[in-house]
Amino acid sequence: MPDRRPSPDEYADYYAGYIGRVPVGPIVETLTIQRETHYLSLKEIPESMADYRYAPGKWTVTELLGHVVDSERVFGFRALHFARGAAGSIPGMDQDEFAQAAPYRNRSLTSIIDELYMLRGANLEQFRAFDEAIMNRDGIASDCRFTVRALLYIMAGHERHHMGVLRARYLD
């Protein structure tokens, strides 16, 4: 798999912070390492923390991880859509509307962590087959242009960001 970071013209400005969090190295390797290390870290969170929120109006641990799962699905679908050269743009995702409508609060923390692990595994199987031509394919999502490459970096940076929030705001 090619190893080139996306340039700023491959994604919306909003996502620069996520891409900037991704360490240097092959993106599929980074996503694979995240899958294993984050899974082990997340499995250490006791079920009793599932409904904890660090401040009023903030997501619970369950809702935060549910958001990561939802985002993994959305970024993975966008990557698939663009990789296959599908026509048409993809609508945006309002994270707060998704969180409000999601049934994550009715599930165990363990089941959400396991879902994230399996979902990342499925995405990785797809991504390992992407060559340079596929990584360069692009499309429109949320009224912005993205390349497949950028979406993989956004996925990694987004998860890294939320793992940092989880450690700093919920687990310290």
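Residues numbered from 1 in each chain as written. Predicted model: local features only at pLDDT ≥ 70, side-chain atom pairs only at ≥ 80, totals over all residues. Heavy atoms only, no water.

Now for the overall build of the chain. From N to C terminus, the chain includes seven helices and two strands. Written out in order from the N terminus, the α and β elements of the chain read α-α-α-α-α-α-β-β-α. Against the globule reference of 16 Å for 172 residues, the chain gives a C-alpha radius of gyration of 16 Å, in line with a compact fold. In terms of overall dimensions, the chain has C-alpha extents of about 45 × 30 × 25 Å along its principal axes. Here the chain holds 172 residues, and the buried ones make up 47% of them. Of the contacts made within the chain by residues no fewer than 6 positions apart, 77% connect residues no fewer than 24 positions apart. When the accessible surface of the chain is summed, it comes to about 8,500 Å², and 53% of that surface belongs to carbon and sulfur atoms. Put simply, the chain has 20 plus and 24 minus side-chain charges, and the middle of one group is 1 Å from the middle of the other. (Helix = DSSP H or I, 4+ residues; strand = E, 2+ residues; numbered from the N terminus. Rg over C-alpha atoms; globule rule 2.2 N^0.38 Å. Buried < 20%, exposed > 50% of the residue type's maximum accessible area, 1.4 Å probe, protein only. Contact = heavy atoms within 4.5 Å. Areas by Shrake-Rupley, 256 points an atom, 1.4 Å probe, with all protein chains shown as cover. Lys, Arg positive; Asp, Glu negative; His and termini not counted. Charge placed at Lys NZ, Arg CZ, Asp CG, Glu CD.)

Moving on: the pairing of strand β2 (residues 144–147). Where strand β1 (residues 138–141) meets β2, four bridges bridge the pair, whose relative direction is antiparallel. Paired with Gly139 across the two strands is Phe146, which belongs to β2. Two successive antiparallel strands, β1 and β2, enclose a turn made up of two residues, where Ser142 displays a positive phi of approximately 55°. (Pairing = 2+ DSSP bridges.)

This part takes up the packing of helix α2 (residues 27–43) against helix α5 (residues 109–127). Interhelical geometry of α2 versus α5 gives an angle of 170° and a closest axis separation of 10 Å. Looking at the two axes, α2 sits roughly antiparallel to α5. Between α2 and α5, the residues in contact are Val28, Leu31, Thr32, Gln34, Arg35, Glu36, Tyr39, Leu42 and Lys43 and Thr110, Ile113, Asp114, Leu116, Tyr117, Met118, Arg120, Gly121, Leu124 and Phe127, respectively. (Axes fitted to C-alpha atoms, helices over the stretch in contact; angles between N-to-C directions. Parallel < 35°, antiparallel > 145°, perpendicular 65-115°, else oblique.)

Right, let's get into the side chain of Glu63. Within the element layout of this structure, Glu63 appears in helix α3 (residues 61–83). Take Glu63: its relative accessible area is 13%, and that puts it in the buried class. Dropping the residues within four chain positions of it, Glu63 is found in contact with Arg53, Lys58 and Arg105.

So, about the packing of aromatic side chains. Taken as a whole, this structure holds nine aromatic pairs when the rule is applied. Relative to Tyr170, the ring of Tyr52 lies with its centre 6.0 Å away and its plane at 85°, an arrangement referred to as edge-to-face. Taken together, the positions of Tyr52 in the loop between α2 and α3 and Tyr170 in helix α7 (residues 148–171) put the pair 118 residues apart, joining distant regions of the chain. Note on Tyr52: relative accessible area 33%, which makes it partly exposed. For Tyr170, a relative accessible area of 5% translates into the label buried. Taking the centre distance of 5.1 Å and the plane angle of 90° together, the rings of Tyr54 and Tyr170 count as edge-to-face. Here Tyr54, found in the loop between α2 and α3, pairs with Tyr170, found in helix α7; they are 116 residues apart in sequence, far enough to count as distant. For Tyr54, a relative accessible area of 27% translates into the label partly exposed. In this structure an aromatic cluster arises from ring pairing among Tyr14, Tyr15, Tyr18, Phe75 and Phe146. The ring centre of Tyr117 lies 3.6 Å from the NZ or CZ of Arg35, which sits over that ring. (Phe/Tyr/Trp six-rings, centres within 6.5 Å; stacked < 30°, edge-to-face > 60°. Lys NZ or Arg CZ within 6 Å of the ring centre and 35° of its normal.)

Purely spatial values, then, with no claim about function.
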